[in-house]
Amino acid sequence: LKVSTLNHARQHVRSWRRIQNSRPPMSYRELDEASVCEFAQEFLRSARSEIRAEVIEEGNINRVFRVHGREESIIVKQGLPYFRMAGRSWVLSRHRSRTEAAAAQLHGGLAPDIVTRLRYFDGAQSVMVFEDLPNDITWRRSLMRENLAPHVAPSIGRYCAAVAINTGPGLRDDIKRGSLAHSFPYTELCALAESLIFVAPYVDSPSNRIEPQLGDIALSLRRDRGLLDSMSALRYKFRNEREALVHGDLHTGSVLVGAAKTTVFDLEFAYFGPMALDTGFVFAHLCLARIAHSVQGHVEYCRSIDSSFSSFWKSFAYHVELEWTGGKSELDDFLARLMIDTARFAGAEMIRRIVGFAHAEDIDSLPDAFRSSAQRAALAVGRSLVTGPPADNLEGAWKMAIELLDGSAA
Ligand code: SR1
Ligand code: MG
């Protein structure tokens with residue numbers, strides 16, 4: 001493993017140098033549909049007249065284009081210098097593009113078949129060019145459409161294991177750990193996530209988006225002493241635990257699903273943080289998808305999501321064990337701690353996706369008749385994951401969550 005880790009690191013440095021652009025630095029300008037076509041011309045081997053672009057995501061902090069040439073298309077993602085939610089007045093640095101490009105490169109070396117392929121990065125313009133997978137849809141969409149895609153969850157388990165082993169506790173060399181921690185510090189985006197996940201939902205924050213029918217329960221979250229204490233312990237871990245180079249935002253919208261392929265993208269929140277953040281987000285978003293189907297009575301599909309969760313976790317544990325270089329008791333300790341924290345981070349993530357700023361489309365898109373019970377169930381499950389007894393078995397924690405959900409839906 002040490003040899004392969006070293007090779008990955010060397011490969012990473014080599015390809016990183018290749019990808020870093022050699023264009024002269026220009027002052028930053030926001031791309032639009034016209035200028036992105038100019039920019040993309042050299043990647044598309046097409047005449048300017050054959051190139052057209054569309055904005056596929058006008059996000060809060062990025063603008064993402066699909067640019068079509070004569071034969072192929074590419075994705076161009078540009079970091080914006082502000083947080084759109086607050087107008088242009090909330091200024092953000094554009095360092096996240098550098099973080100995303102470097103993390104995509106590094107994780108791409110660890111799981112080349114899973115992580116999105118970065119073709120080019122321009123630091124001055126905060127622009128990245130990625131491969132396009134025009135026929136793939138996000139895992140969230142796939143779950144919402146009741147697709148069966150059993151290859152996805154085990155691939156995500158393998159991806160998380162590759163991260164844990166190669167950038168986390170499996171990486172024993174202190175110098176490399178130090179350099180990873182230095183290269184992927186706690187960034188401005190981490191601070192934004194910290195406040196959106198662990199703080200805002202528990203105070204009267206203008207960033208919260210709470211539907212009127214949830215007013216009572218939202219207030220009760222703010223008065224639940226046990227929940228608030230656990231949340232501040234989780235916040236502390238999020239900010240201070242230096243364990244692995246995590247994706248940082250591994251929800252089902254950060255994964256693309258193809259016929260036989262799984263692709264992880266959107267690594268701008270990456271930092272050297274707790275491994276359980278990634279596994280917890282996977283737990284949370286599968287559970288939210290499960291809740292959305294459960295309230296609609298889609299019993300069969302709920303079973304399929306249960307299997308997905310189980311195969312995610314089994315694949316993770318299997319690959320970690322396979323590659324682990326330390327002793328058995330260290331492995332057991334790592335997994336035991338990870339399970340406890342995974343369940344807790346999952347609960348925090350579920351709560352904030354109901355009453356915080358960024359919601360989950362699985363739940364928000366439900367018709368009125370189902371939405372309120374799904375939201376309440378998600379809050380109940382989230383609260384119990386955060387404040388319940390430590391999870392000594394993650395599949396058991398999932399089962400408990402599901403029993404609580406099925407009980408509250410009954
Ligand atoms: C851009 S800030 C809103 C949220 O979207 C991302 O997916 C992160 O989860 C963040 O909290
Ligand atoms: Mg994102």
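Source: prediction; values computed, not measured.

A. Representation of the overall build of the chain in the model. Helix and strand counts for the chain come out as 15 helices and 10 strands. For 410 residues, the compact-globule formula gives about 22 Å, and the C-alpha radius of gyration of the chain, at 21 Å, lands near that figure. For the chain, the spread of C-alpha atoms along the three principal axes comes to 60 × 50 × 40 Å. Counting the 410 residues in the chain, one finds 56% classified as buried. Contacts spanning at least 24 positions in sequence make up 73% of the contacts within the chain whose residues lie at least 6 apart. On the chain, roughly 17,200 Å² of surface is accessible, and the fraction owed to carbon and sulfur atoms is 53%. Here the chain contributes 49 positive and 50 negative side-chain charges, whose respective centroids are spaced 4 Å apart.

B. Spotlight on the site of ligand 1. Every residue lining ligand 1 is accounted for by Ile61, Leu196, Asp249, His251, Phe269, Arg352, Arg353, Phe357 and Ala358. Note that an oxygen atom of ligand 1 is positioned 2.6 Å from one of the side-chain N or O atoms of Asp249. Here an oxygen atom of ligand 1 and a side-chain polar atom of Arg352 are 2.8 Å apart. When isolated, ligand 1 has an accessible area of 310 Å², and the protein chains bury 86% of it. Residue composition of the shell around ligand 1, by class: 5 nonpolar, 1 polar and 3 charged.

C. Looking closely at the pairing of strand E1 (residues 52-58). Pairing between E1 and strand E2 (residues 62-68): 6 bridges, direction antiparallel. From the neighbouring strand, Glu57 faces E2, where its bridge partner is Val64. Two successive antiparallel strands, E1 and E2, enclose a turn made up of 3 residues.

D. Molecular detail of the side chain of Thr262. Relative to the assigned elements, Thr262 resides in strand E9 (residues 262-264). According to the relative accessible area criterion, Thr262 is buried, its value standing at 3%. The residues touching Thr262, leaving out its near neighbours within four places in the chain, are Asp113, Ile114, His151, Val152, Ser155, Ile156, Val255 and Leu256.

E. Up close: the sheet that holds E2. Judged by pairing direction, the sheet is antiparallel, and its 5 strands sit side by side in the order E1-E2-E3-E5-E4 without closing on themselves. Strand pairing shows two members of the sheet lacking a second neighbour, E1 and strand E4 (118-122), which therefore form its edges. Strand after strand, the sheet turns through a mean of 20° between neighbouring axes, direction not considered. Pairing of E2 with strand E3 (residues 73-79), which is carried by 7 bridges, proceeds in the antiparallel orientation. Bridge pairing in E3 places Arg66 opposite Ile75. Helix H3 (residues 95-110) rests against E2, E3, E4 and strand E5 (127-131) of the sheet, and its axis sits at about 150° to E4.

F. Representation of the confidence of the model for the chain in the model. Mean pLDDT over the chain: 91, with 91% of residues reaching 70 or higher. When the criterion is pLDDT under 50, residues 1-6 qualifies, and its contacts beyond four places in sequence or with other chains add up to 8 contacts.

G. The arrangement of unusual backbone geometry in detail. Positive phi, close to 50°, is recorded for Ser126, a residue that is not glycine. Position of Ser126 relative to the elements: it lies in the loop between E4 and E5.

H. Main features of the side chain of Ser205. Turning to its location among the elements, Ser205 is positioned in the loop between helix H7 (188-199) and helix H8 (215-223). Separated by 2.8 Å, the side chains of Ser205 and Ser207 make a polar contact.

I. Region of the structure containing the sheet that holds E9. The 3 strands are arranged E6-E8-E9 in an open sheet whose pairing can be described as antiparallel. Either end of the sheet is taken by a strand with one partner, and the two such strands are strand E6 (137-138) and E9. Relative to E9, strand E8 (residues 255-257) is paired through 3 bridges, and the arrangement is antiparallel. The partner of Leu256 across the bridge, within E9, is Thr263. Against the sheet, helix H5 (residues 152-167) touches E8 and E9, its axis set at about 40° to E9.

J. The arrangement of the packing of H7 against helix H12 (residues 328-355) in detail. Contact pair H7 / H12: the axes reach a minimum separation of 8 Å and the direction vectors enclose 85°. Put simply, H7 runs roughly perpendicular to H12. Between H7 and H12, the residues in contact are Leu196, Ile197 and Phe198 and Phe345, Ala348, Glu349 and Arg352, respectively. Partitioned by chemical class, the residues of the contact of H7 with H12 number 5 nonpolar, no polar and 2 charged.

K. How the structure looks around the pairing of E3. Burial analysis of E3 places 7 of its 7 residues in the buried class, which makes it a mostly covered element. Burial of the side chains of E3 extends over both faces: Ser73, Ile75, Lys77 and Gly79 are buried on one face and Ile74, Val76 and Gln78 on the other. Here E2 folds back onto E3 in antiparallel fashion, the turn holding 4 residues. Where E3 lies against E5, 5 bridges are found, and the strand directions are antiparallel. In the sheet register, Gln78 faces E5, and the bridge partner there is Val127.

L. Inspection of the packing of aromatic side chains at higher detail. Overall, the coordinates contain 16 aromatic pairs when judged by the stated rule. Look at Tyr186 and Tyr271: their rings are 5.9 Å apart centre to centre, the planes differ by 80°, and that puts the pair in the edge-to-face class. With Tyr186 in the loop between helix H6 (174-183) and H7 and Tyr271 in strand E10 (residues 271-273), the pair connects residues that are 85 residues apart, well separated along the chain. Using a relative accessible area of 24% as the deciding quantity, one classes Tyr186 as partly exposed. By the ring-pair criterion, three or more aromatic residues cluster together here, those being Tyr186, Phe198, Phe238, Tyr271 and Phe345. Above the plane of the ring of Tyr28 lies Arg94, whose end atom (NZ or CZ) is 3.8 Å from the centre.

What counts and how
- Residues numbered from 1 in each chain as written.
- Chains lettered and ligands numbered in written order.
- Predicted model: local features only at pLDDT ≥ 70, side-chain atom pairs only at ≥ 80, totals over all residues.
- Heavy atoms only, no water.
- Helix = DSSP H or I, 4+ residues; strand = E, 2+ residues; numbered from the N terminus.
- Rg over C-alpha atoms; globule rule 2.2 N^0.38 Å.
- Buried < 20%, exposed > 50% of the residue type's maximum accessible area, 1.4 Å probe, protein only.
- Contact = heavy atoms within 4.5 Å.
- Areas by Shrake-Rupley, 256 points an atom, 1.4 Å probe, with all protein chains shown as cover.
- Lys, Arg positive; Asp, Glu negative; His and termini not counted.
- Charge placed at Lys NZ, Arg CZ, Asp CG, Glu CD.
- Near = heavy atom within 4 Å.
- Polar contact = N/O pair within 3.5 Å; in protein donor to acceptor, adjacent residues only side chain to side chain.
- Nonpolar A, V, L, I, M, F, W, Y, C, P; charged D, E, K, R; others polar.
- Pairing = 2+ DSSP bridges.
- Axes fitted to C-alpha atoms, helices over the stretch in contact; angles between N-to-C directions.
- pLDDT = per-residue confidence, 0-100.
- Parallel < 35°, antiparallel > 145°, perpendicular 65-115°, else oblique.
- Phe/Tyr/Trp six-rings, centres within 6.5 Å; stacked < 30°, edge-to-face > 60°.
- Lys NZ or Arg CZ within 6 Å of the ring centre and 35° of its normal.

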